[in-house]
Every structure is written in structure tokens, then in C-alpha cells.
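Listed below are the residues making up each chain.
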Amino acid sequence: MKKNKWKKILSLFLAFYISMSAFPVLVAGKGDEPENLYALSAALIDGESGRVLYEKNGEEKRPMASTTKIMTCILTLESGCLEEIAEASEKAARMPKVHLGASVGEKFYVKDLLYSLMLESHNDSAVILAEHVGGSVEGFAEKMNEKAREIGCEDTWFITPNGLDAKEEREGEEKVHETTAENLAQIMRYCVCLSPAREEFLKITQTPSYRFSDADGKREFSCQNHNAFLSMMEGAISGKTGFTAQAGYCYVGALQRDGKTLIVALLGCGWPNNKGYKWSDTRKLMEYGLNEYSFHSFDEIEFSKCPKEIPVKNARNKELDKNSKISLVREKGEEKKILLKEGEEIEVSYHGKKKLTAPVKKGEKIGELRYKVDGEVWYTEDILTAEGKKKIDFPWCFEQVVKRYGNVEKN
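Because the structure is predicted, anything quoted here is derived from the model rather than measured. (Residues numbered from 1 in each chain as written. Predicted model: local features only at pLDDT ≥ 70, side-chain atom pairs only at ≥ 80, totals over all residues. Heavy atoms only, no water.)

Digging into the overall build of the protein chain
Consideration 1: Across its full length, the protein chain holds ten helices and 19 strands.
Consideration 2: Counting every position in the protein chain, which comprises 411 residues, the buried fraction comes to 47%.
Consideration 3: Long-range pairs, those at least 24 residues apart, make up 65% of the contacts in the protein chain with a sequence separation of at least 6.
Consideration 4: When the accessible area of the protein chain is evaluated, it comes to approximately 21,900 Å², of which 49% is carbon and sulfur surface. (Helix = DSSP H or I, 4+ residues; strand = E, 2+ residues; numbered from the N terminus. Buried < 20%, exposed > 50% of the residue type's maximum accessible area, 1.4 Å probe, protein only. Contact = heavy atoms within 4.5 Å. Areas by Shrake-Rupley, 256 points an atom, 1.4 Å probe, with all protein chains shown as cover.)

Below, the structure is given as C-alpha cells:
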């Protein structure tokens, strides 16, 4: 009887635990920050500046499943081999579902495989592309990691081109195929805002459906775009879903509206049967960015934050009894702005010379204004001399003496 009693108690406990795990995790929010997100890790960033507007465990490393494929796609696009023909290897043909079903030796145009990769998330297409561009999956992974470091994603490590869960040994250290929500958002920012191939990337990821055949015209294939976010919110421009047993449901997406570019990344956003969690979190974070943040121009900052003029030692001056000074100007290029929410402020400080020694050229950089938000510098502006100053030398001194002596004689 005692044994049955404990079994019953254990069963009730497990049922309670499972039921509670179906509810979203409460996020301790401040102000109007999003709450009740399902994702274990999440990030919202400004595509213009790259600034993180919101994060929940944003720097925590986690597997990212098929969101990996945004990096595979952008590297292939940047390689410039879209019209080349790629051949499926035995390794590619062994890839698990979701897959195109390519046979060993079957050939495809690279441009067609990119639609297979991004619309249907085919794992074999990712391997075919990786081997064609990088020589091997390992060689392509090196390119992926190099690009990640180039764009500042130091907490990301790629092993596969398709996002299947993977581990490897590197110099005695176990490396896992993983990223962070903040890094994943920055990779998407690179794809849609910064890459020279961003227009092609957006064209592919926005395509509703695509049909193609193998290079020999023997088989036809049809792809449908499974990114529901594209029709879920006005201004949605791109995105990629992902799922593995270890990663859970993942998503990264981008939206442009009201002049803003917002990017959301979600990792561990539920497990079966909770496919819809990622859409709920994405909408919540995008609406937060749209409603709570507005643009503030760095040009609005008063010039009083910087000295308007500074003294110049040993400079020629008609009034020899007065110190010489030189005027300063801000070098304004294209208008720069940043998204801020209510209560956030731009802190401005001048870093540069407080005095100069002649000669000084017009337009010479003598310092800079640094604009900070939350202690981090987001923009700098050069401070230049508005005029030039020649130095005092013997010929000039002699000339001044002659002029002054001549005036005395005439008087």
C-alpha cells in the first residue's frame, strides 16, 4: 500500500510540473519592458546602430538549429558563384529530414539551392552549398566562424552549415555548435543591413514560393516559404525558423517600419507541441520596439558640450599683447540618429586638445565628441580647426619691429 501511495504522489507531482512548464517564464521587467516571454534567450536590436534594445539571457550560449542557415546563405551569396553548378556528395545525400532528397552525383545551380535552403530549410542543400563554396563542410565552417568574428560575434561557433546539433574537439577543448540571442540578431543585422549581398538575401527570404529543376532537367522541385512572420506584421522583411531536439524552436526575423529596422532573435522558444510560441514572442518584441523607441539625432546635441575656441601658443597675432585663440567646428557628415526610449539620454563628452602650438592648419583634427548611451559610445564626431595659424618666426618678428618703428618715427 505504501508503495502505491508514493507512486500516486510522484505521479501528481510530475503532472503538476509538466502543466507548469507549459506556461511562459516570467521575465522581471522594468518599466514597460516585455514580460512573459516563452524563449529561454531573446534579443531585440536596432538594425541602424546594432544597439541591444532588450534582452533576456541575451549572452547565454545555446544551439540555434536552422537559423544557422542565414550565415550559409549570405556567405554563398557573397562568394559570387550563383550561376555555377554544384554536385551532391554522399555526405549531402545522407542528411536527415528536412531535405531536398538529392541523390549522389545529382547537380544543381547554386542560385536554386539557396531557395531550397531558405524557404524549405533543406539540410542536404546546405551541405551541397558548403562543399561547393568551402571545399568541404569543415572548410566552410571556418569561413562561417571567420565571418562571425569579423562582425563581432565572439560567442558564436559554427560546425555545420545547416544547424544540426553538433560537437567537436578543438585544441583539447570541446566546441558546440551554438550562439547567443544577441549574436544571432547581429548576424541577421549583417545579412539585411550591412552585407554587399543584402538585396539578394532579402529577395530570396521574401519569395513566397519557388520552382526549379536539377541542372540536367530530369527532376523538378517546389519550395514554399514557411516564415509566417512575413504575413503576420506590416513591414516584416526577412526571417528564418529552426528546430532541433536540443535547440527547441528558434527564430530570427527583421522588420522595417516608421523608418526603424528592428531585429528579433529567439533561442529555446518552446518544444513540441508549441510551434506558435516563437510568433507570439516575435510580435511582442517587435511591438515593444515600435511603440517604446523613437529616433533622436546626434545633431540635436548643443555645441556647448565642446569648447568653441582654444588658445594657440606661438601664433602670429597683430595684437601682440593678447593671447591668440583659434575657433573650432564640428565635422558633420550624414545625419546620425539612434533609437531611445523615454528616460534614456545621450551623454556627450569632449576628448581632445585644450591648447595648441602654431603652426596650425585649417581643418586639422584636434579632438572628438563622444556620444554615449548607457555608458557605451555609439557615435563620434571629429572636432576641427575653423582656421589656420602661422607660427612666430624671425622674419615675421623683424617685419613687426620695422612696422612699429616706422610708426614711431612718423609720429
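Topic: the nonpolar core
Soluble globular proteins tend to pack their nonpolar side chains together in the buried interior.
Consideration 1: With 61 residues, the main nonpolar core has Ile70, Ile74, Met188 and Phe201 as its most contacted residues.
Consideration 2: Among all residues touching Phe201, those that are not within four sequence positions of it are Ile70, Cys73, Ile74, Leu77, Met118, Met188, Cys191, Val192 and Ser238.
Consideration 3: Counting residues in hydrophobic clusters, the runner-up holds 23 residues, among them Met233, Tyr277, Leu290 and Leu339. (Core = buried A, V, L, I, M, F, W, Y, C linked by side-chain atoms within 4.5 Å.)

Examining the sheet that holds strand E9 (residues 236–244)
Consideration 1: One open sheet accounts for five strands, arranged E2-E1-E11-E10-E9; its pairing is antiparallel. Each edge of the open sheet carries a strand with a single partner, namely strand E2 (52–56) and E9. Geometrically, the sheet is characterised by an average inter-axis angle of 5° between neighbouring strands, direction not taken into account.
Consideration 2: Along the sheet, helix H7 (residues 181–194) makes contact with strand E1 (41–46), E2, E9, strand E10 (248–257) and strand E11 (260–267), crossing E11 at roughly 140°.
Consideration 3: Taken strand by strand, helix H9 (residues 277–292) contacts E1, E2, E9, E10 and E11, and its axis lies near 145° from that of E11. (Pairing = 2+ DSSP bridges. Axes fitted to C-alpha atoms, helices over the stretch in contact; angles between N-to-C directions.)

Some thoughts on the side chain of Asp124
Consideration 1: Examined against the element boundaries, Asp124 turns out to sit in helix H5 (residues 123–134).
Consideration 2: Buried Asp124, no salt bridge; nearest opposite-charge side chain is Arg219, N-O distance 7.2 Å.
Consideration 3: In this structure the side chain of Asp124 is engaged in a polar contact, spanning 2.7 Å, whose partner is the backbone nitrogen of Leu100.
Consideration 4: The residues contacting Asp124, other than those within four sequence positions of it, are Ala92, Met95, His99, Leu100, Gly101 and Ala102. (Lys, Arg positive; Asp, Glu negative; His and termini not counted. Salt bridge = Lys/Arg side-chain N within 4 Å of Asp/Glu carboxyl O. Polar contact = N/O pair within 3.5 Å; in protein donor to acceptor, adjacent residues only side chain to side chain.)

Focus: the side chain of Lys69
Consideration 1: With respect to the element layout, Lys69 can be found in helix H2 (residues 69–79).
Consideration 2: In this structure, Lys69 is buried with no salt-bridge partner, the nearest side chain bearing the opposite charge being Asp124 at 8.1 Å.
Consideration 3: Within the local environment of Lys69, its side chain forms a polar contact with the side chain of Asn123, the two groups lying 3.0 Å apart.
Consideration 4: Filtering out sequence-adjacent residues up to four positions away, Lys69 remains in contact with Leu117, Met118, Ser121, His122, Asn123, Ala126, Pro161, Asn162 and Lys240.

A few points about unusual backbone geometry
Consideration 1: The step from Pro272 to Asn273 runs through a cis peptide bond, and the omega angle for that step is 10°.
Consideration 2: Within the secondary structure, Asn273 is located in the loop between E11 and H9.
Consideration 3: With omega at 5°, the peptide bond leading from Ala358 into Pro359 counts as cis.
Consideration 4: With respect to the helices and strands, Pro359 occurs in the loop between strand E17 (356–357) and strand E18 (365–373).
Consideration 5: With a phi angle near 55°, Asp258 is a residue other than glycine that sits in the positive phi range.

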